Structure formats: C-alpha cells, structure tokens
Amino acid sequence: MTMTLDQLSPDDRAQIKAILLTHAEMQDRTALKGEEVLARLKRDEPDSELITDLEEDAADITADTENLKRLANLF
C-alpha cells in the first residue's frame, strides 16, 4: 500500500514534519559533540587512526541530518 502526502491530514503532516526536524536537531547536536572530540584528537594526537573514523562518522551524521531536513520539507 502506497500512501501519498495528500492522504495525511494537515495535523498529521505537521506532526511528522516536527518529528523529523526534532531528529535533525538532535543529529546536529550529536555532530557538534563529535566535531569537538575530533578537533581535540587532531590537536592532541594528530597521527591517531581514529581521526579517519571520526571524520567518516561526522560525514554520515551530516548526510543523515540533511536527509531528515529534506524529508521534513516534503511535509
């Protein structure tokens, strides 16, 4: 069963958008904390192998956040 946005009530659309934007904001906060850890690691241990992993994680979180915002804007 495929549902289109016009089958949702305005209240449902507003609630879904709010939920998606809340999750995007939570992702943004997670990304900021990760960036802080990454910056300290780069400063304190510039040769650490963890830097690459943290950079990849940060890129994933940023992509997820942008996707959540994109989806929220559909509502």
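In this text, all values refer to a predicted model and were calculated from it rather than measured experimentally. (Residues numbered from 1 in each chain as written. Predicted model: local features only at pLDDT ≥ 70, side-chain atom pairs only at ≥ 80, totals over all residues. Heavy atoms only, no water.)

Caption draft 1: How the structure looks around helix H2 (residues 50–73). In a regular helix each residue adds 1.5 Å, so 24 residues correspond to 34 Å; H2 covers 35 Å between its end C-alpha atoms and thus fits that length. Against helix H1 (10–44) lie the buried residues of H2. (Helix = DSSP H or I, 4+ residues; strand = E, 2+ residues; numbered from the N terminus. Expected span 1.5 Å × (residues − 1). Contact = heavy atoms within 4.5 Å.)

Caption draft 2: Just the side chain of Ser48, in detail. Checked against the element boundaries, Ser48 lands in the loop between H1 and H2. Only 3.1 Å separates the side chain of Ser48 from the backbone nitrogen of Leu50, close enough to count as a polar contact. (Polar contact = N/O pair within 3.5 Å; in protein donor to acceptor, adjacent residues only side chain to side chain.)

Caption draft 3: Region of the structure containing the pattern of salt bridges. All chains considered together, the criterion is met by 4 salt bridges. Among the salt bridges present, the one from Asp44 reaches Arg43, with a minimum N-O distance of 2.7 Å. (Salt bridge = Lys/Arg side-chain N within 4 Å of Asp/Glu carboxyl O.)

Caption draft 4: Summary view of H1. With 35 residues, H1 extends 51 Å between its outermost C-alpha atoms, agreeing within 8% with the 51 Å of an ideal straight helix rising 1.5 Å per residue. Buried within H1 are the following residues: Leu20, Ala24, Ala31, Leu38 and Leu41. Residues of H1 that are buried make contact with H2. (Buried < 20%, exposed > 50% of the residue type's maximum accessible area, 1.4 Å probe, protein only.)

Caption draft 5: Local environment of the side chain of Thr65. Mapping Thr65 onto the fold places it in helix H2. The class for Thr65 is buried, based on a relative accessible area of 2%. For Thr65, the contacting residues outside a window of four places in its chain are Ala24, Gln27 and Asp28.

Caption draft 6: Spotlight on a negative patch on the surface. Taken together, Glu49, Asp53, Glu56, Asp57, Asp60 and Asp64 make up a surface patch of like negative charges. If you trace the backbone, Glu49 turns up in the loop between H1 and H2. Exposure remark for Glu49: the relative accessible area of 72% places this residue in the exposed category. (Patch = residues over 30% accessible without salt bridge, like charges linked within 9 Å, V, L, I, M, F, W, Y side chains within 5 Å. Areas by Shrake-Rupley, 256 points an atom, 1.4 Å probe, with all protein chains shown as cover. Lys, Arg positive; Asp, Glu negative; His and termini not counted. Charge placed at Lys NZ, Arg CZ, Asp CG, Glu CD.)

Caption draft 7: Representation of the packing of H1 against H2 in the model. Across the interface, H1 lies against H2 with an axial gap of 9 Å and an inter-helix angle of 160 degrees. Of the possible angle classes, the one that applies to H1 and H2 is roughly antiparallel. Of the two elements, H1 crosses H2, and the hand of that crossing is left-handed. Here the residues of the contact of H1 with H2 are counted per class, giving 15 nonpolar, 5 polar and 7 charged. (Axes fitted to C-alpha atoms, helices over the stretch in contact; angles between N-to-C directions. Parallel < 35°, antiparallel > 145°, perpendicular 65-115°, else oblique. Left-handed = near helix turned anticlockwise from the far one by under 90°. Nonpolar A, V, L, I, M, F, W, Y, C, P; charged D, E, K, R; others polar.)

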